[in-house]
Amino acid sequence: MTPTLAAAAKPAVYTPALNNVAVGGYDTVAYFTQGKPVVGTDAFKTDWNGATWKFSSAANLAKFKANPKAYAPQFGGYCAWAVAQNYTAKGDPRNWKIVGGKLYLNYNDDIQAKWSKDIPGFIAKGNANWPKVLGQ
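Residues numbered from 1 in each chain as written. Predicted model: local features only at pLDDT ≥ 70, side-chain atom pairs only at ≥ 80, totals over all residues. Heavy atoms only, no water.

**Quick word on the pairing of strand E1 (residues 41–48)**
In terms of strand pairing, E1 meets strand E2 (residues 51–55) through 5 bridges, oriented antiparallel. By the bridge assignment for E2, Asp47 is matched with Thr52. Hairpin connection of E1 to E2: 2 residues between the antiparallel strands, including Asn49 at a positive phi of 55°. (Pairing = 2+ DSSP bridges. Helix = DSSP H or I, 4+ residues; strand = E, 2+ residues; numbered from the N terminus.)

**Notes on the pattern of salt bridges**
Throughout the structure, instances matching the rule amount to 2 salt bridges. Among the ionic pairs, Asp42 bridges to Lys54, the shortest N-O distance being 2.7 Å. On the criterion of sequence distance, the pair formed by Asp42 in strand E1 and Lys54 in strand E2 is long-range, its members being 12 residues apart. Of the residues examined, Asp42 reaches a relative accessible area of 48% and is grouped as partly exposed. You can call Lys54 buried: its relative accessible area is 18%. Arg94 is the partner of Asp92 in a salt bridge, and the nearest nitrogen-oxygen pair spans 2.9 Å. (Salt bridge = Lys/Arg side-chain N within 4 Å of Asp/Glu carboxyl O. Buried < 20%, exposed > 50% of the residue type's maximum accessible area, 1.4 Å probe, protein only.)

Shape is all these values report; function is a separate question.
Right under this line is the structure:
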């Protein structure tokens, strides 16, 4: 009989295989305050929820530290459309949307276009699948 290995649970926050930086190093507060993706810097960073988060200013770092759940992307920064389909894929910080005061990322332009066709429905499906989709 061949032993089976349980699939390893995915981390709660998406980070690439070779580093532990959330949202590709982009400043998650800037989506809310500047309305666009802004690259963070090592000068303003913090660790939260198992990942390193970078910011473009001390003010944005302070806002995140005061209320990280308000600024962190939903579904741990995984692609919102993928989570709605009951699997995970990386979220691209350049494919984003704030809905109901929450930040969502998608895999690429094509996937974001699919997600945009029924955002409320895909958010509801994603919420139903999260965090079970991580295998935890």
